[in-house]
Amino acid sequence: MAAMHTKSMNNTAEIQAERVAPRPRITTRPVDLCLHAGARRIDREQLALAPTPNRTATWCPISHDSLVKEAEAGLNRAGFSIVQQANALTEDAARYFGLFQVADLNTVESDYAFVVGLRNSHDQRFPAALCLGSQVFVCDNLAFSAEVKIARRHTRYIERDLPEVVGRAIGRLADFRTDQSKRFDTYRNTELGHEKAHDLIIKLLDGKAITQTQLPDVLTEWRTPRHPEFAEGQNIWRLFNACTEAVKGSLWKLPTRTQALQGILDGHCGLLSAAERN
């Protein structure tokens, strides 16, 4: 009986230890927008000073600051903490792009972080949108896998609907985290020789994931990666980071290009269904 009691106490102690286990240390690195052209980085407080155009009968622009505040509130409501934040505006303050590096209770130490990207425009070039993506720490490369348009147009009810729409988008983060972890593990485990890599790079060019001017940089990064972490093997992970290194400098086109990039690489790795590939 004494032995059984001792075993029971040990089991109880183990369960309690699991319950009070410290939260895993989260690797952080400042979110960097300075590597991307077309915008200047600003402090969070400066964003509130950006002017918002007057409404018209058919167009109701929302302020950059109100979009960011709603995203911050939505992330907090969903249990996510903002580890790092970066905000950027064009010189005329007409276009905004922001990044939030986020963490939750399930976050473990990794070589990349999950990021939420926000964009908004006052020149009607694109709608307000929220993007779900990742940032590889060693190279600061950004890639977005999903974009949720907050509004196709800045309609008269955008401010009323903003909390609900942003909340739905943030609700996709949990599924996105699982999908992205699976994606990157598959990229690392999918071998790719030079000949197949060259064929795949042409597919990326045809699919508008990269441009002709970026092609030489992609080839250089694939053949001789500047970061030794990507030189250890010839795989899809190496090609992925070669491409995201090359597309730096096109901030406003980054979500579209990196979504195309991952779509093509996912298809090569067998992560897409037949319907999705077609």
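Note that the structure is a prediction, hence the values are computed from the model and not measured. (Residues numbered from 1 in each chain as written. Predicted model: local features only at pLDDT ≥ 70, side-chain atom pairs only at ≥ 80, totals over all residues. Heavy atoms only, no water.)

Enquirer: Looking at this structure, how should I read the pattern of salt bridges?
Expert: Charged atoms that come close allow side chains of opposite charge to pair. Overall, the coordinates contain 11 salt bridges when judged by the stated rule. Of the charged contacts, one joins Asp185 and Arg188 as a salt bridge, the two residues approaching to 3.7 Å between their closest N and O atoms. With Asp185 and Arg188 both in helix α5 (residues 173-189) and three residues apart, the pair spans about one turn of that helix. For Asp185, a relative accessible area of 43% corresponds to the partly exposed category. For Arg188, a relative accessible area of 27% corresponds to the partly exposed category. Glu221 is paired through a salt bridge with Arg226; the nearest N and O atoms lie 2.6 Å apart. Overall, the relative accessible area of 56% leaves Arg226 in the exposed class. One salt-bridge network, in which partners are shared between bridges, spans Arg44, Asp65, Lys69 and Glu72. (Salt bridge = Lys/Arg side-chain N within 4 Å of Asp/Glu carboxyl O. Helix = DSSP H or I, 4+ residues; strand = E, 2+ residues; numbered from the N terminus. Buried < 20%, exposed > 50% of the residue type's maximum accessible area, 1.4 Å probe, protein only.)

Enquirer: In this structure, what is going on with the packing of helix α3 (residues 64-77) against helix α4 (residues 158-171)? I would like to understand it.
Expert: When two helices pack together, their arrangement is given by the angle between the helix axes and the distance between those axes. Their axes nearest at 9 Å, the elements α3 and α4 cross at an angle of 50 degrees. Judged by the angle between their axes, α3 and α4 are oblique. Handedness of the crossing formed by α3 with α4: right-handed. On the side of α3, the interface is formed by Ser66, Leu67, Glu70, Ala71, Gly74, Leu75 and Arg77, while α4 contributes Leu162, Pro163, Val166 and Ile170. In terms of residue class, the contact of α3 with α4 is built from seven nonpolar, two polar and two charged. (Axes fitted to C-alpha atoms, helices over the stretch in contact; angles between N-to-C directions. Parallel < 35°, antiparallel > 145°, perpendicular 65-115°, else oblique. Left-handed = near helix turned anticlockwise from the far one by under 90°. Contact = heavy atoms within 4.5 Å. Nonpolar A, V, L, I, M, F, W, Y, C, P; charged D, E, K, R; others polar.)

Enquirer: Explain α4 to me, please; I cannot follow it from the model alone.
Expert: Since one α-helical turn is 3.6 residues long, residues separated by three or four positions face the same way. The terminal C-alpha atoms of α4 lie 19 Å apart, and with 14 residues this matches the ideal 20 Å at 1.5 Å per residue to within 8%. When the local axis directions of α4 are compared, the greatest deviation, roughly 25 degrees, occurs at Glu164. Those residues of α4 that sit buried are Ile158, Leu162, Val165, Val166, Ala169 and Ile170. (Expected span 1.5 Å × (residues − 1). Bend = angle between axes of the 7 residues up to and from the residue.)

All quantities given are derived from atomic positions and should not be read as evidence of function.
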